[in-house]
Amino acid sequence: MSLQQLFSTYGGMYVKAYAATLEMTVISFAGAMLLALLVTVARVCPIAPLRRLGDFYVQVFRNVATISLLVIFYYAFPYLGIVWSEMTCVIVVTILVAASFGSENFMSGINTIGVGQIEAARSLGMSFGQILRQVVIPQALRSAVLPMTNLLVAVMLTTAIGSQVPLNPQELTGLVSYINTMSVGGILPFAVSALLYAGTAFLIGLAGNAIDKRVRILR
């Protein structure tokens, strides 16, 4: 199959697949950032059970295969009466795994904050919540721009697990499987999807570097 034949036959499907990939990436990353922030707050809070719960979450979801979780959510949960759509399952699984890595990125950012700043905030009478909102979280976010950029790329690539369930519309990897099932597409469909992934990752990297230069904390 030539490139012209590929795009004449499946061009519209590629557009839909790329849009589906971007949609799942944006939703998953936003959810992962929010959950990662909550988990990180639990990990640094003065309440010991919450700290242990946050650490337990990270250790579990950082070391579990996303495809295994997808199998549980999509194929096992219906036996418990829990039925979600294919896209919801992919997004939830991606969020759960990505949030564990996002929390580690936030913790790395928090560790760059000098102890003196925390002590100064306490001496001013600031509460734990105020210290988090006004001192810790803003600096942790600024320090974690580049790691979170890498996480965004990882989230985009993780959405490829959608190829294991009947998504409609399909994402980029699932579309490749569909093309090679319907016709002998050869390696060309893989190459096109790979270029779309790589091109998007390159743009994300450029944006991340630009943001990091603007917000970087000079020490």
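Scroll up to find the structure this text is about.
Now for a description of the structure that goes with this document. Only a predicted model underlies this, so the values are computations on that prediction, with no experimental measurement involved. (Residues numbered from 1 in each chain as written. Predicted model: local features only at pLDDT ≥ 70, side-chain atom pairs only at ≥ 80, totals over all residues. Heavy atoms only, no water.)

### Focus: the overall build of the protein chain
Inference 1: Across its full length, the protein chain carries 9 helices and 0 strands.
Inference 2: Counting from the amino terminus, helix and strand elements in the protein chain follow one another as α-α-α-α-α-α-α-α-α.
Inference 3: Its C-alpha atoms give the protein chain principal-axis dimensions of about 70 × 45 × 20 Å.
Inference 4: Sorting the 219 residues of the protein chain into buried and exposed places 40% on the buried side.
Inference 5: The long-range fraction of contacts in the protein chain, counting pairs at least 24 apart against all pairs at least 6 apart in sequence, stands at 77%.
Inference 6: When the accessible surface of the protein chain is summed, it comes to about 11,800 Å², and 67% of that surface belongs to carbon and sulfur atoms.
Inference 7: Across the protein chain, 12 positive and 7 negative side-chain charges occur, with their mean positions spaced 11 Å apart. (Helix = DSSP H or I, 4+ residues; strand = E, 2+ residues; numbered from the N terminus. Buried < 20%, exposed > 50% of the residue type's maximum accessible area, 1.4 Å probe, protein only. Contact = heavy atoms within 4.5 Å. Areas by Shrake-Rupley, 256 points an atom, 1.4 Å probe, with all protein chains shown as cover. Lys, Arg positive; Asp, Glu negative; His and termini not counted. Charge placed at Lys NZ, Arg CZ, Asp CG, Glu CD.)

### Concerning the layout of surface pockets
Inference 1: One number sums up the size of the largest pocket: a volume of about 260 Å³.
Inference 2: What lines the largest pocket is Val44, Ile110, Ile113, Gly114, Val115, Ile118, Arg122, Phe128, Ile131, Leu132 and Val136.
Inference 3: Going through the elements one at a time, α5 (115–123) and α6 (128–143) are the ones with two or more residues in the lining of the largest pocket.
Inference 4: Examining the composition of the lining of the largest pocket, we find that 4 residues originate from one element, α6, more than from any other.
Inference 5: Its residues assigned to classes, the lining of the largest pocket comprises 9 nonpolar, 1 polar and 1 charged.
Inference 6: Within this model, the second largest pocket holds a volume of roughly 190 Å³.
Inference 7: In terms of lining residues, the second largest pocket is bounded by 13 residues, among which Phe29, Val145, Met148, Thr149 and Ile211 are the most central.
Inference 8: Sorting the residues of the lining of the second largest pocket by element identifies α1 (3–44), α7 (145–158) and α9 (188–215) as the ones contributing at least two each.
Inference 9: Of the residues contributing to the lining of the second largest pocket, the split by class is 11 nonpolar, 2 polar and no charged. (1 Å grid on protein atoms, 1.4 Å probe; cavity = no way out; pocket = protein on both sides within 12 Å on 5 of 7 lines; lining within 4 Å. Points joined across faces, edges and corners; volume = space filled by probe spheres on them. Nonpolar A, V, L, I, M, F, W, Y, C, P; charged D, E, K, R; others polar.)

### A short note on helix α3 (residues 66–76)
Inference 1: Of the residues making up α3, those classed as buried are Thr66, Leu69, Leu70, Phe73 and Tyr74. Down the axis of α3, the sector holding all buried residues measures 110°, keeping them to one side.
Inference 2: Buried positions along α3 lie against α2 (48–61), α4 (86–111) and α7. (Arc of directions from axis to C-beta.)

### A closer look at empty space enclosed by the protein
Inference 1: Evaluated as defined, the whole model comprises 1 cavity of 30 Å³ or more.
Inference 2: Together, Leu37, Thr40, Val41, Val44, Phe106, Ile110, Leu132, Val136, Ile137 and Ala140 line the largest cavity.
Inference 3: For the lining of the largest cavity, the secondary-structure elements that each account for two or more residues are α1, α4 and α6.
Inference 4: Its residues assigned to classes, the lining of the largest cavity comprises 9 nonpolar, 1 polar and no charged.

### Section: the pattern of salt bridges
When the charged atoms of two side chains lie near each other, side chains of opposite charge can form a pair.
Inference 1: Under the definition given, this model contains 3 salt bridges.
Inference 2: Across the pair Arg43 and Glu104 runs a salt bridge whose closest N-O atoms are separated by 2.8 Å. With Arg43 in helix α1 and Glu104 in helix α4, the pair connects residues that are 61 residues apart, well separated along the chain.
Inference 3: With relative accessibility at 14%, the residue Arg43 sits in the buried group.
Inference 4: For Glu104, a relative accessible area of 24% corresponds to the partly exposed category.
Inference 5: One salt bridge in this structure joins Arg62 and Glu104, with 2.8 Å as the shortest N-O distance. One end of the pair, Arg62, is in the loop between α2 and α3; the other, Glu104, is in helix α4, with 42 residues separating them in the sequence.
Inference 6: With a relative accessible area of 27%, Arg62 lands in the partly exposed category. (Salt bridge = Lys/Arg side-chain N within 4 Å of Asp/Glu carboxyl O.)

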